[in-house]
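So you can see what is in the structure, the chains are spelled out below.
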Amino acid sequence: EAIEIPKASRPGSGGGLTSVDGNIVLLNHAGQFYYISSDSAPRPLQIQAPENGFPDYLKVSKADEFSGYQHRPAFFRYNDILFTEFSNRRFLLASHTNFHEDKLCYTTTISRLEIEKPTSSNPLEWSFKSSDWTTLFETRPCLPLKTQWRAIEGHMAGGRIVSAGDGTLYLANGDYAWDGIYGPISPKPGSKVPLSQDPDADYGKVLSIGILGGEVEQISRGHRNVQGITLDKRGKIWTVEHGMRGGDELNLVSEGLNFGWPLESYGTSYAGTAISGVKPYGVHDAFTRPVFAFLPSIATSGLETIEGFHEAWNGDLIVSALSGLKLVRVRIREGRAVFAEDIHTGFRTRYVHQHSDGRLVLWTDDRRVIFLSPSKGGQGFKLVKYLIEHEMDLSKTQQEKL
């Protein structure tokens, strides 16, 4: 089933999906919430998104002082939405880029909305204002507008989130292209340490955050633009990273690991040449290697662990992609990728989510929410049926085995 979502209030793409007591809630890049059901039209929710400073950024971008900067407001977005419960409390968590006009800088922010009892569990009955959200976490330092390339590379924010169910939230935070390639290497004057390698900065990192108190710990570093994060049934953290050409990665994250960006990568520049500063070229020996690298790149955009969709898929990872109009199913065994299967959908998929009823739900760049269920018998069954009906050379024993 495919549900078409109304056009957003401004250009752009992004956002996310979450399950709320059997319902699907969508947050688009512009901060508009929708209730999604596979058997009815989408309905807008009476939820105002947390303030993100976007109107202030638009005003600043038109000021004479910043007229020489490259501005792409369409890349400024809400990155993810997550419903979670802990300690008998219910929360909506939103991840987004946040512009601070007073300091002329921006952060990745996690905003929290508590849905206090006896509020209904049905999102259609909710009514929340922007002021009802509180700030749970903001990255440090607050980044200034860049003079090199684009002022705010909002599409490089990463910003995906996942809950461990024990009061811990994991944030996959991008480096906003402060990499020495498409921007300065660091906002620190004179620094030669790339932002994603700097232990004093929260960018290019996977972070753990306490949902109740906001306590923060850096789990890993050396990431570029982490567009998907999920936990497997053992609690292991998996991410997909949107790299440069040939640099898309699937990573198994654990505390203290360094994945090397921008000092090391399997990727090349978008022109096909070696990435500036990466030596030796095409080798990944000094830092933690990815479990799997996508060659050619698929423009990874989301990640989900599959359990209960189909018995043949249990424990697999589903990667959504912006390139190739496909999903990729990755079989994981003993911490390694056994195979990667392309599943062509015909859509440029921004986000993949497994609903609480087991179905897979996709959010596409042409504003569709698509529900996927396993077909009875599958394609293999259809092929065998075709062979039998057309009296191909199959013995009765072979037919029974198939």
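Residues numbered from 1 in each chain as written. Predicted model: local features only at pLDDT ≥ 70, side-chain atom pairs only at ≥ 80, totals over all residues. Heavy atoms only, no water.

Caption draft 1: Region of the structure containing the overall build of the chain. Of the regular secondary structure elements, the chain holds three helices and 28 strands. Along the longest, intermediate and shortest principal axes, the C-alpha atoms of the chain span 80 × 60 × 40 Å. The 402 residues of the chain split such that 54% are buried. Once local pairs closer than 6 in sequence are excluded, the contacts in the chain between residues at least 24 apart make up 57%. Summed over its atoms, the accessible surface of the chain is roughly 17800 Å², and 49% of this surface lies on carbon and sulfur atoms. Computed over 43 positive and 47 negative side-chain charges, the separation of the two mean positions in the chain equals 3 Å. (Helix = DSSP H or I, 4+ residues; strand = E, 2+ residues; numbered from the N terminus. Buried < 20%, exposed > 50% of the residue type's maximum accessible area, 1.4 Å probe, protein only. Contact = heavy atoms within 4.5 Å. Areas by Shrake-Rupley, 256 points an atom, 1.4 Å probe, with all protein chains shown as cover. Lys, Arg positive; Asp, Glu negative; His and termini not counted. Charge placed at Lys NZ, Arg CZ, Asp CG, Glu CD.)

Caption draft 2: Expanded view of the nonpolar core. F33, I47, I81, L92, W126 and W133 are the most contacted members of the largest nonpolar core, which has 18 residues in total. Elements with a minimum of two residues in this core: β3 (23-28), β4 (33-36), β7 (78-86) and β8 (89-100). If one sorts the elements of this core by residue count, β7 sits on top with three residues. Here I47 is in contact with F33, L92, W126, F128 and W133, once residues within four sequence places are set aside. Core analysis: the second largest hydrophobic core is formed by 17 residues, F76, F99, Y106 and Y176 among them. (Core = buried A, V, L, I, M, F, W, Y, C linked by side-chain atoms within 4.5 Å.)

Caption draft 3: Expanded view of the packing of aromatic side chains. Evaluated as defined, the whole model comprises twelve aromatic pairs. Ring geometry for W126 against F128: centres 6.0 Å apart, planes inclined by 70 degrees, an arrangement best described as edge-to-face. Taking relative accessible area as the criterion, F128 reaches 12% and is therefore assigned buried. A connected cluster of aromatic rings, assembled from ring pairs, spans F54, Y57, F76 and F99. (Phe/Tyr/Trp six-rings, centres within 6.5 Å; stacked < 30°, edge-to-face > 60°.)

Caption draft 4: Geometry of the sheet that holds strand β5 (residues 43-44). As summarised here, the arrangement of the four strands in space is β2-β3-β4-β5, forming an open sheet in which the pairing is antiparallel. Two strands bound the open sheet, and with one partner strand each, they are β2 (15-20) and β5. Of the strand pairs in this sheet, β3 and β4 are connected by four bridges, and their pairing is antiparallel. Bridged to V25 within β4 is Y35. (Pairing = 2+ DSSP bridges.)

Caption draft 5: Inspection of the sheet that holds strand β13 (residues 158-163) at higher detail. The strand order across the open sheet formed by five strands is β13-β14-β15-β16-β20, and the pairing between neighbours is mixed. The open sheet has two edge strands, β13 and β20 (257-258), and neither has a second partner.

Caption draft 6: Structural view of the side chain of R10. Its place among the elements puts R10 in the loop between β1 (2-4) and β2. Although R10 is buried, it forms no salt bridge, and the closest oppositely charged side chain is E51 at an N-O distance of 11 Å. In terms of polar contacts, R10 uses its side chain to reach the backbone carbonyl oxygen of P73, at 3.4 Å. A distance of 2.6 Å separates a polar side-chain atom of R10 from the backbone oxygen of F76. (Salt bridge = Lys/Arg side-chain N within 4 Å of Asp/Glu carboxyl O. Polar contact = N/O pair within 3.5 Å; in protein donor to acceptor, adjacent residues only side chain to side chain.)

Caption draft 7: Structural view of the pattern of salt bridges. Counted by the stated rule, this structure contains 18 salt bridges. In this structure, R368 and D366 form a salt bridge, with 2.8 Å as the shortest nitrogen-oxygen distance. Overall, R368 belongs to the partly exposed group, its relative accessible area being 28%. Through salt bridges with shared partners, a single network forms among D316, R329, R331 and E341.

Caption draft 8: Structural view of the environment of N88. Relative to the helices and strands, N88 resides in the loop between β7 and β8. Residues N88 and K117 lie 29 residues apart in sequence; the distance between their C-alpha atoms is 9.6 Å. A polar side-chain atom of N88 sits 2.9 Å from a polar atom in the side chain of K117.

Caption draft 9: Region of the structure containing the state of the cysteines. One pass over the full model with this rule turns up one disulfide. A sulfur-sulfur distance of 2.0 Å marks the disulfide that ties C105 to C142. Handedness of the C105-C142 disulfide follows from its S-S torsion of about 100 degrees: it is right-handed. In this pair, C105 sits in strand β9 (residues 105-114) while C142 sits in the loop between β11 (134-138) and β12 (143-144), placing the two residues 37 residues apart along the sequence. For C142, a relative accessible area of 24% translates into the label partly exposed. (Disulfide = S-S within 2.5 Å.)

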